[in-house]
Amino acid sequence: MQETLFIIRNANLFQTTAGEVYQIIDTDKATLQNVIVFPPKGAFVIETKIEQSGDQRVKFEFEKAVLKLPKRDIKLPPYGKGWFDNVYLDSRIRVSKDIRGNVLITARDGPPRSVI
């Protein structure tokens, strides 16, 4: 969460602005992607392996980080692992609290789709 906010606040260092920020969770593949879009054709994507650990807890470990640019992709070393707890308010809204105490509120916006 803190890293995402840092990238959004400092997108101007790359002469761009941050666009959409979202997660793609695929429970069948046990993956989660965090995506920050840099219009018109760029993105920063972190791919994560996830594992259910109880009714609410999900363990994660970053596997891949890529800065996608119009003419090339730059692979970055992924770093981090931990967990987050989920509470579903309804079939669309999820509230998560992670290992650092950060709270994230997300809304479902369709079926999973891969960015990488």
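This write-up is about the structure you can find in this document.

Some thoughts on unusual backbone geometry
Part 1: Note the cis peptide between Pro39 and Pro40, where omega equals 5°.
Part 2: Here the phi dihedral of Ala30 falls at roughly 55°; this positive angle occurs in a residue that is not glycine.
Part 3: By secondary structure assignment, the location of Ala30 is in the loop between strand S1 (21-26) and strand S2 (31-38).

Considerations on the pairing of strand S7 (residues 93-98)
Part 1: Side chains Arg94, Ser96 and Asp98 project from S7 onto a buried face, and the interleaved Ile93, Val95 and Lys97 project onto a face without burial.
Part 2: Where strand S6 (residues 81-88) meets S7, five bridges bridge the pair, whose relative direction is antiparallel. Paired with Val87 across the strands is Val95, a residue of S7.
Part 3: Linking S6 back to S7 in an antiparallel pair, the connection comprises four residues.
Part 4: Summarising the sheet, S7 and strand S8 (residues 103-107) pair through five bridges and their orientation is antiparallel. Residue pairing in the sheet places Lys97 in a bridge with Val103 of S8.
Part 5: The hairpin formed by S7 and S8 contains four residues between the paired strands, and Gly101 there has a positive phi angle of roughly 90°.

Topic: the nonpolar core
Part 1: Of all hydrophobic cores here, the largest spans eight residues; its members are Ile7, Ala11, Ile36, Phe38, Phe44, Ile46, Ala65 and Leu67.
Part 2: Elements with a minimum of two residues in this core: S2, strand S3 (42-52) and strand S4 (57-68).
Part 3: Those residues in contact with Ile7, other than ones at most four positions away along the chain, are Ile36, Phe38 and Phe44.

Considerations on the pattern of salt bridges
Part 1: The tally for this structure, following the rule as stated, stands at two salt bridges.
Part 2: A salt bridge links Lys68 to Asp73; the nearest nitrogen and oxygen atoms lie 3.2 Å apart.
Part 3: Residue Lys68 is classed as partly exposed on the basis of its relative accessible area, which comes to 21%.
Part 4: Asp73 gets classed as partly exposed once you look at its relative accessible area, which sits at 42%.

Reading the values: the criteria
Residues numbered from 1 in each chain as written. Predicted model: local features only at pLDDT ≥ 70, side-chain atom pairs only at ≥ 80, totals over all residues. Heavy atoms only, no water. Helix = DSSP H or I, 4+ residues; strand = E, 2+ residues; numbered from the N terminus. Buried < 20%, exposed > 50% of the residue type's maximum accessible area, 1.4 Å probe, protein only. Pairing = 2+ DSSP bridges. Core = buried A, V, L, I, M, F, W, Y, C linked by side-chain atoms within 4.5 Å. Contact = heavy atoms within 4.5 Å. Salt bridge = Lys/Arg side-chain N within 4 Å of Asp/Glu carboxyl O.

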